[in-house]
Amino acid sequence: MNKKLFAAVATLTGTIIGAGFLGIPYVVKQSGFLIGLFWIVFLGLIMLYIKLALGEVVLRTKGKHQLAGYAEKYLGKTGKVLMFFSMFFGIYTALTAYLLGQGESLSFLFSGSANNFWFGLVFFALMAVLTYEGFHVLKKWEPIAMIAVLAVVVLILFYFSGDIKLENLAEINAANFFVPFGVILFAFLGTSAIP
């Protein structure tokens, strides 16, 4: 895999793996594995199509733009304003959810308590220091972070593999059919990384 492709995969993976990704097991437990699998495949295919279509737009448009710039080029000023507010709201609410989730995860790992505010604040401060120099620092560290996150996921899988009970996969709670929808859709976002 060449260096540019690896950096692109790392950026997209780093944008997608976050609060939504970490919430999938919880919501899938509410509905059942098969319903969760349906939503993962269904929404995954839709988001794959959207990302490929956006990739085509990026490749076929002269100049470099962000999503709001592409919206303005093809949808006019109203499209730009709608995309700007959509991205602004979406990114800041996602960051808030991510900080809360990281705070809770770090609190559980390091203290066993539910004091997630302070751990979230420390995580925010560390990320602020990393981004102070600009996005080129994040671009440099993104592949390392991606490998670290994937390694943690694999370690968790191996560590808890003895506790997996296949009979749990057959449970279905049709009353909670739509519970995984929002979290899985959120987990598949990451379109802001494509441009």
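Heads up: these notes are all about the structure in this document. (Residues numbered from 1 in each chain as written. Predicted model: local features only at pLDDT ≥ 70, side-chain atom pairs only at ≥ 80, totals over all residues. Heavy atoms only, no water.)

Quick word on a nonpolar patch on the surface
In plain terms, the rule: Only residues above 30% relative accessible area that lack a salt bridge enter a patch, with like-charged residues linked at up to 9 Å and the nonpolar side chains Val, Leu, Ile, Met, Phe, Trp and Tyr linked at up to 5 Å. Here, Shrake-Rupley sampling with a 1.4 Å probe gives the accessible areas, and only protein chains in the shown set may cover a residue. Between Lys or Arg on one side and Asp or Glu on the other, a salt bridge is scored when a side-chain nitrogen of the former is within 4 Å of a carboxyl oxygen of the latter. Put simply, DSSP H or I for four residues or longer makes a helix, DSSP E for two residues or longer makes a strand, and each gets a number counted from the N terminus.
Side chains of Phe33, Leu34, Leu37, Val41, Leu45, Leu48, Leu52, Leu157, Ile164, Leu166, Leu169 and Ile172 sit close together on the surface and give an oily, nonpolar patch of about 1100 Å² of accessible area. Ranked by residue count, the leading element in the nonpolar patch is helix α3 (residues 33-60), at 7 residues. Within the element layout of this structure, leucine 157 appears in helix α6 (residues 135-160).

Structural notes on the packing of aromatic side chains
Put simply, the rule is: By convention, a stacked pair of Phe, Tyr or Trp rings (six-membered ring in the case of Trp) has centres within 6.5 Å and planes under 30 degrees apart, an edge-to-face pair has planes over 60 apart, and any other such pair is tilted. Only protein chains enter the calculation, and the probe is 1.4 Å; a residue is then buried if its accessible area is under 20% of its type maximum, exposed if over 50%, and partly exposed in between.
Here the structure, examined in full by the defined rule, presents 12 aromatic pairs. The interplanar angle of 45° and the centroid separation of 5.7 Å between the aromatic rings of tryptophan 39 and phenylalanine 178 together place this pair among those described as tilted. One end of the pair, tryptophan 39, is in helix α3; the other, phenylalanine 178, is in the loop between α6 and α7 (179-188), and 139 residues separate them in sequence. Taking the relative accessible area as the measure of exposure, tryptophan 39 reaches 5% and is therefore buried. The exposure class assigned to phenylalanine 178 is exposed, which follows from its relative accessible area of 59%. Relative to phenylalanine 160, the ring of tyrosine 159 lies with its centre 4.8 Å away and its plane at 85°, an arrangement referred to as edge-to-face. Here the aromatic residues Phe38, Trp39, Phe42, Phe177, Phe178 and Phe181 are joined through ring pairs into a cluster of three or more.

Comments concerning the pattern of salt bridges
Here the idea is simple: oppositely charged side chains can pair when their charged atoms come close. All chains considered together, the criterion is met by 3 salt bridges. Glutamate 56 is paired through a salt bridge with arginine 60; the nearest N and O atoms lie 2.7 Å apart. Taken together, the residues span about one helical turn, with glutamate 56 and arginine 60 both in helix α3 at a distance of 4 residues. In this structure, the salt-bridge partner of glutamate 72 is lysine 77, at a minimum N-O distance of 3.0 Å.

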